Amino acid sequence: MQWSDEASKTISKVPFFIRKRVKRKVEEEAAGAGARQVTMEHVRASQKRFLNRMEDEVKGYQIETCFGPSGCPNRAVEYDGLIEDLENQLSKRNLKAFLKKKVNGPLKMHHEFRISISDCPNACSRPQIADIGIIGACAPAITDMGCDECGACVDTCKEEALFLNAGRPFIHPEKCIYCGQCARVCPTGTLTEGQKGFRIQVGGKLGRHPRLATEIPGIHTPQDIPKFIDRCLDYYQTHCQKGERFGEMIEKNGVEELWIA
Ligand code: SF4
Ligand code: SF4
Ligand code: SF4
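Residues numbered from 1 in each chain as written. Chains lettered and ligands numbered in written order. Predicted model: local features only at pLDDT ≥ 70, side-chain atom pairs only at ≥ 80, totals over all residues. Heavy atoms only, no water.

Novice: Would you take a moment to explain the packing of helix α5 (residues 81–91) against helix α9 (residues 224–239) for this structure?
Specialist: Each pair of packed helices gets described by two things: the angle between the helix axes and the distance between those axes. It is at 11 Å that the axes of α5 and α9 come closest, and there the two elements cross at 30°. The angle between α5 and α9 places the two elements in the roughly parallel class. Regarding α5 and α9, the two cross each other, and that crossing is right-handed. In this structure, α5 uses L82, L86, Q89 and L90 to contact α9, whose residues at the interface are I225, P226, I229, D230 and L233. Residues that form the contact of α5 with α9 fall into these classes: 7 nonpolar, 1 polar and 1 charged. (Axes fitted to C-alpha atoms, helices over the stretch in contact; angles between N-to-C directions. Helix = DSSP H or I, 4+ residues; strand = E, 2+ residues; numbered from the N terminus. Parallel < 35°, antiparallel > 145°, perpendicular 65-115°, else oblique. Left-handed = near helix turned anticlockwise from the far one by under 90°. Contact = heavy atoms within 4.5 Å. Nonpolar A, V, L, I, M, F, W, Y, C, P; charged D, E, K, R; others polar.)

Novice: What should I look at first to understand the site of ligand 1 in this one?
Specialist: Around ligand 1 lies a shell formed by C66, F67, G68, C72, N74, R75, S118, D119, C120, N122, A123 and C124. Residues belonging to the shell around ligand 1 are distributed by class as follows: 6 nonpolar, 4 polar and 2 charged. (Near = heavy atom within 4 Å.)

Novice: Got a minute to help me understand the site of ligand 2 in this structure?
Specialist: Every residue near ligand 2 is listed here: P140, C157, E159, A161, L162, C176, I177, Y178, C179, G180 and C182. For the shell around ligand 2, the per-class residue count stands at 9 nonpolar, 1 polar and 1 charged.

Novice: I keep staring at the packing of α9 against helix α10 (residues 246–253) and nothing clicks. Help me out?
Specialist: Where α9 meets α10, the closest approach of the two axes is 10 Å, and the angle between their N-to-C directions is 90°. Of the possible angle classes, the one that applies to α9 and α10 is roughly perpendicular. Mapping the contact onto sequence places C232, Y235, Y236 and H239 in α9 and F246, M249 and N253 in α10. Split by residue class, the contact of α9 with α10 holds 5 nonpolar, 2 polar and no charged.

Novice: What am I meant to see in the pattern of salt bridges here?
Specialist: For side chains of opposite charge, pairing can occur when their charged atoms come near one another. Evaluated as defined, the whole model comprises 13 salt bridges. With a closest N to O distance of 3.9 Å, E28 and K25 form a salt bridge. With E28 and K25 both in helix α2 (residues 16–32), this residue pair falls 3 residues apart, about one helical turn. When its relative accessible area of 45% is taken as the criterion, E28 is described as partly exposed. K25 gets classed as partly exposed once you look at its relative accessible area, which sits at 28%. Of the charged contacts, one joins K196 and E193 as a salt bridge, the two residues approaching to 3.0 Å between their closest N and O atoms. Owing to a relative accessible area of 38%, K196 belongs among the partly exposed residues under this scheme. You can call E193 partly exposed: its relative accessible area is 37%. (Salt bridge = Lys/Arg side-chain N within 4 Å of Asp/Glu carboxyl O. Buried < 20%, exposed > 50% of the residue type's maximum accessible area, 1.4 Å probe, protein only.)

Novice: Help me out: how do you make sense of the pairing of strand β7 (residues 168–171) in this one?
Specialist: Looking along a regular strand, one sees the side chains alternate between the two faces of the sheet. Two elements, strand β6 (residues 162–165) and β7, share 4 bridges in a ladder whose sense is antiparallel. Across the sheet, N165 pairs through a bridge with R168, a residue of β7. Where β6 hands over to β7, the hairpin turn is made up of 2 residues, of which A166 adopts a positive phi near 50°. (Pairing = 2+ DSSP bridges.)

Novice: Just checking my understanding: could you explain the sheet that holds strand β5 (residues 132–142) for this structure?
Specialist: Two modes of strand pairing occur in sheets, parallel and antiparallel, and in both the strands are linked by backbone hydrogen bonds. If you trace the 5 strands from one edge of the open sheet to the other, you get β3-β4-β5-β8-β9, paired in mixed fashion. Edge strands, defined here as strands with exactly one partner in the open sheet, are β3 (61–65) and β9 (214–220). Between one strand axis and the next, the sheet turns through 25° on average, direction left out of account. As defined by bridge partners, β3 adjoins strand β4 (residues 113–118) across 5 bridges and the pair is classed as parallel. Across the sheet, E64 pairs through a bridge with S116, a residue of β4. α5 contacts β3, β4, β5 and β8 (191–202) of the sheet and is inclined by roughly 175° relative to β3. Relative to the sheet, α9 contacts β4, β5, β8 and β9, its axis offset from that of β8 by approximately 15°.

Structure below.
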């Protein structure tokens, strides 16, 4: 649906983690009024309705994604079933009922448990500030194929993680963030795509005491993700007393209990 400039500008100021949901509501408002374009009138009407029924709108969790599945060429991994799997998994947890018991006062969007998925380390959906951040990863592998020393891999790596020595590529493992771009530009097959999967980060948050998420080392398989999320939610629901954020628990107790076995 088309948006007027003013309505578009207003919606761009809504915090990114609920913007998609708010936008959908405003469009429903406009469609319900038989309009073809969203205007400020629809934004205001939707805002009023939303504020009056905010608790109804809270579902207890949010799952966000980057635009990778729409065809972004930077995707390090393509696994489109993950969002649907996580939606099913979280909807069964009834986190809204859980939060209702824990939070003193009406439930708000910022109480919800947030999972953010980005399909590459560019991290457009900001997984670093979600309760659980999932980041697509593709580790490069060095094969026995001859290297023609074209330097394309070195030029492509923004992390300065690659260098050539005696006609062979080498990778600094501590600098590589698994974007997989070097493997894509190598013309000889000396560098290829190795292990693919997801990096995981936990305990990110904004608010009064912002915190960047802590990385759980390694590249994890798509099958690992639901098990790990269950473990995080078990931990969260066990330790959450008054609707605290997951990041506060991680800050206090560390991540040891959450390691993937
Ligand atoms: S995080 Fe990566 S794959 Fe996703 S939209 Fe951004 S650049 Fe594309
Ligand atoms: S995967 Fe990305 S970060 Fe790692 S060496 Fe290749 S280009 Fe650099
Ligand atoms: S892109 Fe491939 S062929 Fe070119 S320097 Fe790197 S490893 Fe060698």
